[in-house]
Amino acid sequence: MRRSLAASLLFLVVLATPPWAADADRGEILARRWCAACHVVATDQQSVTGQAPPFSTIGRTPDLDPSRLALFLLLPHPKMPDMALSRSEAADLAAYILSQGR
Ligand code: HEC
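Residues numbered from 1 in each chain as written. Predicted model: local features only at pLDDT ≥ 70, side-chain atom pairs only at ≥ 80, totals over all residues. Heavy atoms only, no water.

**What about the pattern of salt bridges?**
Side chains that carry opposite charge are capable of pairing whenever their charged atoms lie near each other.
Stage number 1. With the rule as written, the count across this model stands at three salt bridges.
Stage number 2. Note that Arg26 and Asp92 form a salt bridge whose closest N and O atoms lie 2.7 Å from each other. Separated by 66 residues along the polypeptide, Arg26 in helix 2 (residues 24–34) and Asp92 in helix 5 (residues 87–100) bring together distant segments of the chain.
Stage number 3. For Asp92, a relative accessible area of 2% puts it in the buried group.
Stage number 4. Glu28 is the salt-bridge partner of Arg32, the closest N and O atoms lying 2.8 Å from each other. Here the residue Arg32 and the residue Glu28 both occupy positions in helix 2, the gap between them amounting to four residues, near one helical turn.
Stage number 5. The network of salt bridges with shared partners includes Glu28, Arg32 and Asp44. (Salt bridge = Lys/Arg side-chain N within 4 Å of Asp/Glu carboxyl O. Helix = DSSP H or I, 4+ residues; strand = E, 2+ residues; numbered from the N terminus. Buried < 20%, exposed > 50% of the residue type's maximum accessible area, 1.4 Å probe, protein only.)

What follows is the structure in structure tokens.
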């Protein structure tokens, strides 16, 4: 009984990865690996296809919310393949994108 309660609590904690646990440095590594084929993900990168907005532009969107951005990243958007990111990867990427807009 007690064991399963502890397991459920752990599960909840893992599910509810809070935005403040996001790590923009890890997000940058993910962005360079998964997103740089289409997006300009960092200032040291040359323009790629010109179709996808650079992360610095996305990061400057007024009222951009890290949780909403992370949620968006969990769903494939048009023209973008489904990368099956984990919740924490999505949160890290969101933190990195936001840091690029500053
Ligand atoms: C195959 C090309 C491709 C890859 C890879 C890709 N994207 Fe995109 N992304 C696009 C395009 C194109 C758009 C523009 C929106 C559209 O036309 O659907 C876009 C739009 C976005 C937007 C929304 C911008 C806005 O203002 O609405 C975000 C956020 C985003 N991408 C994040 C990412 C992240 C994070 C990754 C890596 C995990 C990634 N993308 C990988 C092509 C790509």
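**Regarding helix 5**
Stage number 1. Taking 1.5 Å per residue, 14 residues should reach 20 Å; helix 5 reaches 20 Å between its end C-alpha atoms and fits that length.
Stage number 2. Among the residues of helix 5, Ala90, Ala91, Asp92, Leu93, Ala94, Tyr96, Ile97, Leu98 and Gln100 are the ones counted as buried.
Stage number 3. Against the buried residues of helix 5 lie helix 2, helix 3 (55–59) and helix 4 (66–74). (Expected span 1.5 Å × (residues − 1). Contact = heavy atoms within 4.5 Å.)

**Topic: the environment of Arg60**
Stage number 1. As for its placement among the helices and strands, Arg60 is situated in the loop between helix 3 and helix 4.
Stage number 2. Since its relative accessible area comes to 53%, Arg60 is described here as exposed.
Stage number 3. Along the primary structure Arg60 and Ile97 are separated by 37 residues, whereas in three dimensions their C-alpha atoms are 9.0 Å apart.

**A short note on the packing of helix 4 against helix 5**
Stage number 1. The geometry of helix 4 relative to helix 5 is characterised by a closest axis approach of 8 Å and an angle of 125 degrees between their N-to-C directions. Looking at the two axes, helix 4 sits oblique to helix 5. Considering how the two elements wind past one another, helix 4 and helix 5 form a crossing that is right-handed. Counted together, Pro66, Leu69, Ala70, Leu73 and Leu74 of helix 4 and Arg87, Ala90, Ala91, Leu93, Ala94, Ile97 and Leu98 of helix 5 form the full contact between these two elements. (Axes fitted to C-alpha atoms, helices over the stretch in contact; angles between N-to-C directions. Parallel < 35°, antiparallel > 145°, perpendicular 65-115°, else oblique. Left-handed = near helix turned anticlockwise from the far one by under 90°.)

**Describing the confidence of the model for the protein chain**
Stage number 1. Looking at the protein chain as a whole, the pLDDT averages 80, with 74% of positions reaching at least 70.
Stage number 2. No element of the protein chain has a lower mean pLDDT than helix 1 (residues 2–15), which averages 57, and none a higher one than helix 2, which averages 92. (pLDDT = per-residue confidence, 0-100.)

**A look at the nonpolar core**
Stage number 1. Ala31, Cys35, Val41, Phe55, Leu73, Leu93 and Tyr96 are the most contacted members of the largest nonpolar core, which has 17 residues in total.
Stage number 2. For this core, the elements supplying multiple residues, two or more each, are helix 2, helix 4 and helix 5.
Stage number 3. When sequence neighbours within four positions are dropped, the list of residues in contact with Leu93 reads Gly27, Leu30, Ala31, Cys35, Leu73 and Leu85. (Core = buried A, V, L, I, M, F, W, Y, C linked by side-chain atoms within 4.5 Å.)

**Here's the deal with the packing of helix 2 against helix 5**
Two packed helices can be described by the angle between their axes and the distance between those axes.
Stage number 1. Following both chains from N to C, one finds helix 2 and helix 5 inclined at 95 degrees, their axes separated by 7 Å at the closest point. Regarding the angle of helix 2 to helix 5, the classification is roughly perpendicular. On the side of helix 2, the interface is formed by Ala24, Arg26, Gly27, Glu28, Leu30 and Ala31, while helix 5 contributes Glu89, Asp92, Leu93, Ala95, Tyr96 and Ser99.
Stage number 2. Taken together, the residues of the contact of helix 2 with helix 5 sort by class into six nonpolar, two polar and four charged. (Nonpolar A, V, L, I, M, F, W, Y, C, P; charged D, E, K, R; others polar.)

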